[in-house]
Amino acid sequence: MPDNRRFLLKRRPDGAPAEQDFDLVTEDTPALNDGEFLIRNHYASLDPAIRGWMDDAESYMPPIPLGAPVRATTIGVVEDSKADGFEKGQWVMGLNGIEEYSVGTLGGFTQPIDPAMVPEVTNFLSLFGAVGMTAYFGLFEVCKPGKGDTVLVSGAAGAVGSIVGQLAKIHGCRTVGIAGGPEKCARLKDRYGFDAVIDYRGKDVDALSKAIGEAAPDGVDVIFENVGGDILDAGLNNINRHARIGLCGLISEYNSDAVGARNIWQLIVHRASITGLLVADYVERFGEGAQAMAPWAADGRIKIDEHIDEGIENAYDAFMRLFSGSNQGKMILKLA
């Protein structure tokens, strides 16, 4: 059996993850039992949610055990199999670990995929994976925008936010995106077609509220929230009556003890609603989302951007790009 390099969680991070919180080890790949198959992972999806799984706290998934590989969605190829339905050479996707080889089991999360269905196999980790489905179902099922509505997207240059903005434009909405830095703000307009953009850097809540008001003079009907904190507070200052807020993420709060949004009084004032969204609720409908978005990707109305770093030895640096904002598209680590 081949050697297996694995990126392990050594200790639980206190605030921003430190390199010392992880170990890169080389271990033997275990022999297979009946009903198991060996996956050589080619790519791992790096997502902000992974940071939450590192904490020993109640969540929608159990914490990553100390000494276990950091959990991530991976795509790879079956190297060996003692499981019916999984054959050597078959491409698969599942929730495994940041490791070169994973053992899958019948009835687990890993399922076969067909690379011929997408332009690049990595698209299963972006538009045609959890990222794209979060954007699609979060926008249309949770936020329910109407044509002509103004949709405010925080973290708009990120993997989910950029797709949300493009979907909202296709749906006939006016889109306002919030991102950090002139380069990302320019990409929102020039590549993703946002109608207005706001650079949050250097702005407090009052300045952000004013900037949103100028970008959305008729108010905001939908907020697709990825950041939280001051940015959500500023958005709430500009909502219209019966606005819908889809709470997808709170990346500004994952590595700190910062107080979250304090302006929720506006939900009462405007009879608005805020709803948490989790893509796991829509797994059985992923085919529906893919079927809807595939033609838009094919004709260029949805741009797919992926940032791929190479080498499991670079897992920590690649993961931390999510919090520094230095990635340009969906963050993916190439393992093989």
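Computed from a predicted model, the values in this text were never measured in an experiment.

Undergrad: Please explain the pairing of strand β12 (residues 239-247) as it appears in this structure.
TA: Taken residue by residue, a regular strand's side chains alternate between the two faces of the sheet. Of the pairings in the sheet, the one linking strand β11 (residues 220-225) to β12 comprises 5 bridges and is parallel in character. Note that in β12 the partner of Val-220 across the bridge is Ile-239. At this point the chain moves from β11, through helix α6 (residues 229-236), to the parallel β12, and the crossover so formed is right-handed. Here β12 pairs with strand β13 (residues 273-276) via 4 bridges, running parallel. Looking at the pairing, Ile-245 lines up with Ile-274 of β13.

Undergrad: Explain the sheet that holds β13 to me, please; I cannot follow it from the model alone.
TA: Neighbouring strands of a sheet are bound in pairs by backbone hydrogen bonds; such pairs are parallel or else antiparallel. One open sheet holds the 6 strands; their spatial order is β10-β9-β8-β11-β12-β13, and the pairing between them is parallel. At either end of the open sheet lies a strand with only one pairing partner, and these are β10 (196-199) and β13. Here the average twist between neighbouring strands, direction ignored, is 15°. Running at roughly 145° to β11, helix α2 (residues 130-143) makes contact with β8 (150-153), β11, β12 and β13 of the sheet. Contacting β8, β9 (174-179) and β11, helix α3 (residues 159-170) runs over the sheet at an angle of about 170° to β8.

Undergrad: Can you help me understand the environment of Val-78 in this one?
TA: Within the secondary structure, Val-78 sits in strand β4 (residues 71-81). Those residues within four positions of Val-78 in sequence are excluded, and the remaining contacts are Phe-37, Leu-38, Glu-87, Lys-88, Gly-89, Gln-90 and Val-92.

Undergrad: Looking at this structure, how should I read α2?
TA: Residues that lie three or four places apart on an α-helix share one face, since the helix turns once every 3.6 residues. By the largest-angle criterion, Phe-137 marks the main kink of α2, which is about 25°. Among the 14 residues that make up α2, 12 are buried, leaving the element largely enclosed by the rest of the structure. Three or more residues of α2 are buried, namely Val-131, Gly-132, Met-133, Thr-134, Ala-135, Tyr-136, Phe-137, Gly-138, Leu-139, Phe-140, Val-142 and Cys-143. Just downstream of α2, Lys-144 is the residue with a positive phi angle, here 50°.

Undergrad: What exactly am I supposed to notice about unusual backbone geometry here?
TA: Most peptide bonds take the trans configuration, and most residues that are not glycine carry a negative phi. Despite not being glycine, His-242 shows a phi value in the positive range, around 65°. If you trace the backbone, His-242 turns up in strand β12. The class of His-242 is partly exposed, set by a relative accessible area of 49%. The backbone phi angle of Arg-271 is positive, close to 50°, even though this residue is not glycine. With respect to the element layout, Arg-271 can be found in the loop between α7 (265-269) and β13.

Undergrad: It is not clear to me how the packing of α2 against α3 should be interpreted in this structure. Could you clarify?
TA: For any two helices packed against each other, one specifies the crossing angle of their axes together with the interaxial distance. Where α2 meets α3, the closest approach of the two axes is 8 Å, and the angle between their N-to-C directions is 45°. By the angle between their directions, the pair α2 and α3 is classed as oblique. In this structure, α2 meets α3 at a crossing whose hand is right-handed. Two secondary-structure elements touch here, α2 through Val-131, Gly-132, Thr-134, Ala-135, Tyr-136, Leu-139 and Phe-140 and α3 through Ala-159, Val-160, Ile-163, Val-164, Leu-167 and Ala-168. Classifying every residue of the contact of α2 with α3 gives 11 nonpolar, 2 polar and no charged.

Undergrad: Sorry, what's going on with the packing of aromatic side chains here?
TA: The relation between two aromatic rings is expressed through the spacing of the ring centres and the mutual angle of the planes. Here the structure, examined in full by the defined rule, presents 7 aromatic pairs. Ring centres of Tyr-136 and Phe-140 lie 5.2 Å apart, and the angle between their planes is 70°; this geometry places the pair in the edge-to-face category. Of this pair, Tyr-136 and Phe-140 are both found in helix α2, 4 residues apart, which corresponds to roughly one turn of the helix. Neither residue differs from the other here; Tyr-136 and Phe-140 are each classed as buried.

Undergrad: Explain the packing of α2 against helix α8 (residues 286-298) here, please?
TA: Where α2 contacts α8, the axes come no closer than 10 Å and their chain directions differ by 90°. Considering their axes alone, α2 and α8 lie roughly perpendicular with respect to each other. Judged by residue contacts, Ala-130, Gly-132, Met-133, Tyr-136 and Phe-137 of α2 engage Phe-286, Glu-288, Gly-289, Ala-290, Ala-292, Met-293 and Trp-296 from α8. Across the contact of α2 with α8, the residue classes break down as 9 nonpolar, 2 polar and 1 charged.

Undergrad: Teacher, can you tell me more about the pattern of salt bridges here?
TA: Close approach of charged atoms allows side chains of opposite charge to pair. This structure, assessed with the given rule, holds 15 salt bridges. Note that Arg-11 and Asp-21 form a salt bridge whose closest N and O atoms lie 2.4 Å from each other. Of this pair, Arg-11 sits in the loop between β1 (3-9) and β2 (22-28) while Asp-21 sits in the loop between β1 and β2; the two residues are 10 residues apart in sequence, bridging distant segments of the chain. Overall, the relative accessible area of 41% leaves Arg-11 in the partly exposed class.

Definitions and cut-offs
- Residues numbered from 1 in each chain as written.
- Predicted model: local features only at pLDDT ≥ 70, side-chain atom pairs only at ≥ 80, totals over all residues.
- Heavy atoms only, no water.
- Pairing = 2+ DSSP bridges.
- Helix = DSSP H or I, 4+ residues; strand = E, 2+ residues; numbered from the N terminus.
- Right-handed = clockwise from strand over helix to strand, strands pointing away.
- Axes fitted to C-alpha atoms, helices over the stretch in contact; angles between N-to-C directions.
- Contact = heavy atoms within 4.5 Å.
- Bend = angle between axes of the 7 residues up to and from the residue.
- Buried < 20%, exposed > 50% of the residue type's maximum accessible area, 1.4 Å probe, protein only.
- Parallel < 35°, antiparallel > 145°, perpendicular 65-115°, else oblique.
- Left-handed = near helix turned anticlockwise from the far one by under 90°.
- Nonpolar A, V, L, I, M, F, W, Y, C, P; charged D, E, K, R; others polar.
- Phe/Tyr/Trp six-rings, centres within 6.5 Å; stacked < 30°, edge-to-face > 60°.
- Salt bridge = Lys/Arg side-chain N within 4 Å of Asp/Glu carboxyl O.

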